[in-house]
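# Inside the fold
Next come the chains, spelled out residue by residue.
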Amino acid sequence: MHYQTQSWGSYIPTRTLGDPLERIERLASENAVVIFSISTCCMCHAIKRLFCGMGVNPTVYELDEDPRGKDMEKALMRLLGGSSAVPVVFIGGKLVGAMDRVMASHINGTLVPLLKDAGALWL
């Protein structure tokens, strides 16, 4: 797993500082699998373990460790229609959803093809 550990501010052009949704979209498109998480969330831990167990190396953004994480969490809640904000998974730059959607995709067999198409899984 790749954790974003440095301040995200150094990577953001000045014009996008105020728009958390734009920032989410940009970060989500930079890697094959991106998880927006909170470090103390047990469901976030479970989703990270799921991907690692499948041989996928997700990029993880811990919102509680970012100074603008609360704004991003609110934007993720709006994006998901008010449901729980984390974990939120993007594969190939596209929103998969929260824990329930990821697990449903895993159970019904559609998760592996998504990962293969995004170049995150080669099996």
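Conventions used here
- Residues numbered from 1 in each chain as written.
- Predicted model: local features only at pLDDT ≥ 70, side-chain atom pairs only at ≥ 80, totals over all residues.
- Heavy atoms only, no water.
- Salt bridge = Lys/Arg side-chain N within 4 Å of Asp/Glu carboxyl O.
- Helix = DSSP H or I, 4+ residues; strand = E, 2+ residues; numbered from the N terminus.
- Buried < 20%, exposed > 50% of the residue type's maximum accessible area, 1.4 Å probe, protein only.
- Right-handed = clockwise from strand over helix to strand, strands pointing away.
- Core = buried A, V, L, I, M, F, W, Y, C linked by side-chain atoms within 4.5 Å.
- Contact = heavy atoms within 4.5 Å.
- Polar contact = N/O pair within 3.5 Å; in protein donor to acceptor, adjacent residues only side chain to side chain.
- pLDDT = per-residue confidence, 0-100.
- Phe/Tyr/Trp six-rings, centres within 6.5 Å; stacked < 30°, edge-to-face > 60°.

Once that is clear, we can look at the pattern of salt bridges. With the rule as written, the count across this model stands at 4 salt bridges. Where D66 meets R23, a salt bridge forms, and the shortest distance between an N and an O atom there is 3.1 Å. One end of the pair, D66, is in the loop between strand 3 (59-62) and helix 3 (69-79); the other, R23, is in helix 1 (residues 20-29), and 43 residues separate them in sequence. Here D66 matches R23 in class, with each residue buried. For E30, the salt bridge goes to R26, with nearest N and O atoms at 2.8 Å.

Attention now goes to the pairing of strand 3. Neither face of strand 3 is open: one carries T59 and Y61, the other V60 and E62, and all of them are buried. Following the backbone out of strand 2 (residues 33-37), through helix 2 (residues 42-53) and into the adjacent parallel strand 3, one traces a crossover that is right-handed.

Judged by nonpolar contacts, the single largest core of 19 residues is most densely connected at I24, F36, L63, L76, V86 and F90. Elements represented by at least two residues in this core include exactly helix 1, strand 2, helix 3 and strand 4 (88-91). In contact with F90, other than residues within four places in its own chain, are I24, A28, A32, V33, V34, F36, L76, L79, L95 and V96. Listed in part, the 17 residues of the second largest apolar core include I47, L50, F51 and L111.

This part is about the side chain of E62. Topologically, E62 is positioned in strand 3. Overall, E62 belongs to the buried group, its relative accessible area being 5%. Of the polar contacts made by the side chain of E62, one reaches the side chain of S37; its length is 2.9 Å. Reaching out from E62, the side chain makes a polar contact with the backbone nitrogen of I38 at a distance of 3.4 Å.

Okay, the confidence of the model for the protein chain next. Overall, the predicted model of the protein chain reaches an average pLDDT of 87, with 85% of residues at or above 70. Of the regions scoring below 50 in pLDDT, residues 5-16 engages in 18 contacts with residues more than four places distant in sequence or in other chains.

Bringing the packing of aromatic side chains into the picture now. Throughout the structure, instances matching the rule amount to 2 aromatic pairs. Centre to centre, the rings of F36 and Y61 are 5.5 Å apart; their planes meet at 25°, and the pair counts as stacked. A residue pair is termed long-range when its members are at least 10 positions apart, and F36 in strand 2 and Y61 in strand 3 qualify at 25 residues. Given a relative accessible area of 0%, F36 falls into the buried group. For the ring pair F36 and F90, a centre distance of 5.8 Å and an interplane angle of 80° mean the geometry is edge-to-face. Here F36, found in strand 2, pairs with F90, found in strand 4; they are 54 residues apart in sequence, far enough to count as distant. By the burial criterion, F36 is buried, and F90 matches it. Aromatic rings pair up to connect F36, Y61 and F90 into one cluster.

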